[in-house]
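These are the residues of each chain, in order.
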Amino acid sequence: MTERFGARLARAVADKGPLCAGIDPHPGLLQAWDLPADAGGLEKFALTAAEAIAPEVAVIKPQSAFFEAYGPPGVAVLAKTMKVCREAGALVLLDVKRGDIGSTMAAYTAAFLPAGAELEADAITVSPYLGFGSLAPAIDVAQTQGKGLFVLARTSNPEAQGLQNALLPNGKTVAQDIVDTAAAYNAGVGPLGDIGVVVGATIAPGELDLSVLNGPVLAPGFGAQGATVADLRVLFGPGLPGVLPASSRDVLKHGPDHEALRAAVRRTRDSLGPLENGQ
Ligand SMILES: O=C(O)c1cc(=O)[nH]c(=O)n1[C@@H]1O[C@H](COP(=O)(O)O)[C@@H](O)[C@H]1O
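Residues numbered from 1 in each chain as written. Predicted model: local features only at pLDDT ≥ 70, side-chain atom pairs only at ≥ 80, totals over all residues. Heavy atoms only, no water.

A. Spatial organisation of the UniProt feature "active site" (unreviewed entry) in the protein chain. The residues that UniProt annotates with the feature "active site" (unreviewed entry) are Lys97. Examined against the element boundaries, Lys97 turns out to sit in strand E3 (residues 91-98). When sequence neighbours within four positions are dropped, the list of residues in contact with Lys97 reads Gln63, Thr125, Val126, Ser127 and Leu152. At a separation of 2.9 Å, a polar atom in the side chain of Lys97 contacts the side chain of Asp95. (UniProt positions renumbered as here; feature names shortened; annotations may be inferred. Helix = DSSP H or I, 4+ residues; strand = E, 2+ residues; numbered from the N terminus. Contact = heavy atoms within 4.5 Å. Polar contact = N/O pair within 3.5 Å; in protein donor to acceptor, adjacent residues only side chain to side chain.)

Encoded structure:
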């Protein structure tokens, strides 16, 4: 039987710590690395980052838009980058933020989750704003094929507050309702469910109750967007249970030197606490 994503993630985090390192080939970073703004520059950037960073972390998160921006050659670079990351032992969380009516969601799911797909990921980010139920095709595949989802709940950007903290007729905020719906899919699954949520590390403490989620929490906003390790501990609890703090630019800015990149990702990873295996 295929091992569930939650179990694979728990093992990876026990081995390498909870950091999720992002590969975000921003045009400004390509320029800072002295690379041309074309598919060749993108490839050099992404593969350098993947080779230096992926062996050091449990999860690596390529940001699809920065690759799609270069058209089909960019998507080919994304596929290659994901392969390098997997071969280095990292779980690949593809940040594509997809979400659509159910039948179309099934097509997005086929693009990113099944074994053998050109852009096969271990998990993807998805948007529930067409209704959580519209994600059913992705949930089905994730749960049966050992893959994971990270559902946007309370995002790190300042514009998100009004919509995501709006109260629903059931008395919950939109974000809390998304967390609780994800929790229902994770109930009773050990050691961790497969349906995670995205909660920005920049939000105010106390906004959300994550106590029954029993699933992973992707927490972007750590580093370049201002959140610190201390902020993470206040927000999510001292032990950061199930939390994957995500950082992209704050690590990538140390490139293109391979050793400097590797040192930066190790520093960031180690700032989150000692590894369970003492490495
Ligand atoms: O889903 C995400 O990954 C995400 C959700 C969110 O609420 N905020 C957020 O910043 N992100 C992504 O996380 C990464 C953050 O990058 P840095 O700010 O450079 O660390 C980017 O790829 C964002 O698209």
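B. Geometry of the sheet that holds strand E6 (residues 195-199). The strand order E1-E2-E3-E4-E5-E6-E7-E8 describes a closed barrel built from eight strands, whose pairing is parallel. In this sheet, neighbouring strand axes are inclined to one another by 30° on average, regardless of whether the strands run parallel or antiparallel. Sheet analysis places strand E4 (residues 123-126) next to strand E5 (residues 148-154), joined by four bridges and oriented parallel. Note that in E5 the partner of Thr125 across the bridge is Phe150. Strands E6, strand E7 (217-220) and strand E8 (243-247) of the sheet are contacted by helix H10 (residues 229-236), whose axis makes an angle of about 145° with E7. (Pairing = 2+ DSSP bridges. Axes fitted to C-alpha atoms, helices over the stretch in contact; angles between N-to-C directions.)

C. Looking closely at the side chain of Asp122. Tracing the sequence through the fold places Asp122 in the loop between helix H6 (102-112) and E4. One polar contact links Asp122 to Arg8, side chain to side chain, over a distance of 3.0 Å. Residues contacting Asp122, with those up to four places away along its chain left out, are Phe5, Arg8, Arg86, Ala90, Leu91, Val92, Lys147 and Gly148.

D. Representation of the packing of aromatic side chains within the structure. The final tally for this structure, using the stated rule, is three aromatic pairs. Between Trp33 and Phe45, the ring centres sit 4.0 Å apart and the planes meet at 35°, which makes this aromatic pair tilted. Here Trp33 is found in the loop between helix H2 (27-32) and helix H3 (39-53), whereas its partner Phe45 is found in helix H3, with 12 residues between them in sequence. A ring pair is formed by Phe132 and Tyr185, whose centres lie 6.0 Å apart and whose planes are at 15°; its orientation type is stacked. Linking Phe132 in the loop between E4 and helix H7 (136-144) with Tyr185 in helix H9 (residues 174-186), this pair joins segments that are 53 residues apart in sequence. By relative accessible area, which is 32% here, Tyr185 ends up partly exposed. (Phe/Tyr/Trp six-rings, centres within 6.5 Å; stacked < 30°, edge-to-face > 60°. Buried < 20%, exposed > 50% of the residue type's maximum accessible area, 1.4 Å probe, protein only.)

E. Region of interest: helix H5 (residues 71-87). Over its 17 residues, H5 extends 25 Å from the first C-alpha to the last, a length consistent with the 24 Å expected when each residue adds 1.5 Å. Within the sequence span of H5, burial applies to Gly74, Val77, Leu78, Ala79, Thr81, Met82 and Cys85. Summarising the contacts, the buried residues of H5 are in contact with strand E1 (20-23), H3, strand E2 (59-62), helix H4 (64-68) and E3. Gly89 sits one or two residues past H5 and shows a positive phi near 95°. (Expected span 1.5 Å × (residues − 1).)

F. The arrangement of the site of the ligand in detail. The ligand sits among 17 residues. The nearest are Asp24, Ser156, Gln225, Ser248 and Arg249. The contact in question runs from an oxygen atom of the ligand to an N or O atom on the side chain of Lys97, over 3.2 Å. Note that an oxygen atom of the ligand is positioned 2.9 Å from one of the backbone N or O atoms of Ser248. Summarising the interface, the protein chains cover 90% of the accessible area of the ligand, which totals 510 Å² for the free molecule. The site holding the ligand turns out to be the largest pocket. (Near = heavy atom within 4 Å. Areas by Shrake-Rupley, 256 points an atom, 1.4 Å probe, with all protein chains shown as cover. 1 Å grid on protein atoms, 1.4 Å probe; cavity = no way out; pocket = protein on both sides within 12 Å on 5 of 7 lines; lining within 4 Å. Sits in = over half its atoms within 2 Å of the grid points.)

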